[in-house]
Amino acid sequence: MKVTIINEFCQGHAQCHAKAPEVYELDDEGFIGAEGWLNVPAGLEDAARLGAAAYPERVLTPAE
């Protein structure tokens with residue numbers, strides 16, 4: 001599974017990380033550390049969906 005990320009709309013609320021820290025790592029400024037897309041490790045798909053759903057700006061889109 002991959003998650004598409006629209007970095008320019010990220011506001012740094014870190015809700016994705018709060019719900020799924022094992023999937024969404026943050027950089028030193030509190031933003032998602034990945035650019036454009038993120039590979040989700042096997043077994044963490046539900047966590048990735050939960051973190052994406054918690055993101056206020058909807059910049060994360062899980063894709064099977």
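Quick note: structure is the one above.
Here the structure is a predicted model, which means the values were calculated and not measured. (Residues numbered from 1 in each chain as written. Predicted model: local features only at pLDDT ≥ 70, side-chain atom pairs only at ≥ 80, totals over all residues. Heavy atoms only, no water.)

Q: Can you break down the sheet that holds strand β3 (residues 60-63) residue by residue, with the values?
A: Across the sheet, three strands lie side by side as β2-β1-β3; this open sheet has antiparallel pairing. What marks the edges here is a single partner per strand, and that holds for β2 (37-39) and β3. Between one strand axis and the next, the sheet turns by 25° as a mean value, whatever way the strands run. Alignment of strand β1 (residues 2-5) against β3, held across four bridges, turns out to be antiparallel. Of the residues in β3, the one forming a bridge with valine 3 is proline 62. (Pairing = 2+ DSSP bridges. Helix = DSSP H or I, 4+ residues; strand = E, 2+ residues; numbered from the N terminus. Axes fitted to C-alpha atoms, helices over the stretch in contact; angles between N-to-C directions.)

Q: Describe in detail the packing of aromatic side chains, supporting the description with residues and values.
A: Counted according to the given criterion, the structure contains zero aromatic pairs. Its end group placed over the ring of tryptophan 37, lysine 2 keeps NZ or CZ at 4.3 Å from the ring centre. (Phe/Tyr/Trp six-rings, centres within 6.5 Å; stacked < 30°, edge-to-face > 60°. Lys NZ or Arg CZ within 6 Å of the ring centre and 35° of its normal.)

Q: I'd like a rundown of helix α2 (residues 45-53), residues and numbers included.
A: Looking at α2, one finds that the buried residues are Ala47, Ala48, Gly51 and Ala52. The arc that holds the buried residues of α2, viewed along the axis, is 135°, so those residues lie on one side. The inward-facing, buried residues of α2 abut β1, α1 (15-19) and β3. (Buried < 20%, exposed > 50% of the residue type's maximum accessible area, 1.4 Å probe, protein only. Arc of directions from axis to C-beta. Contact = heavy atoms within 4.5 Å.)

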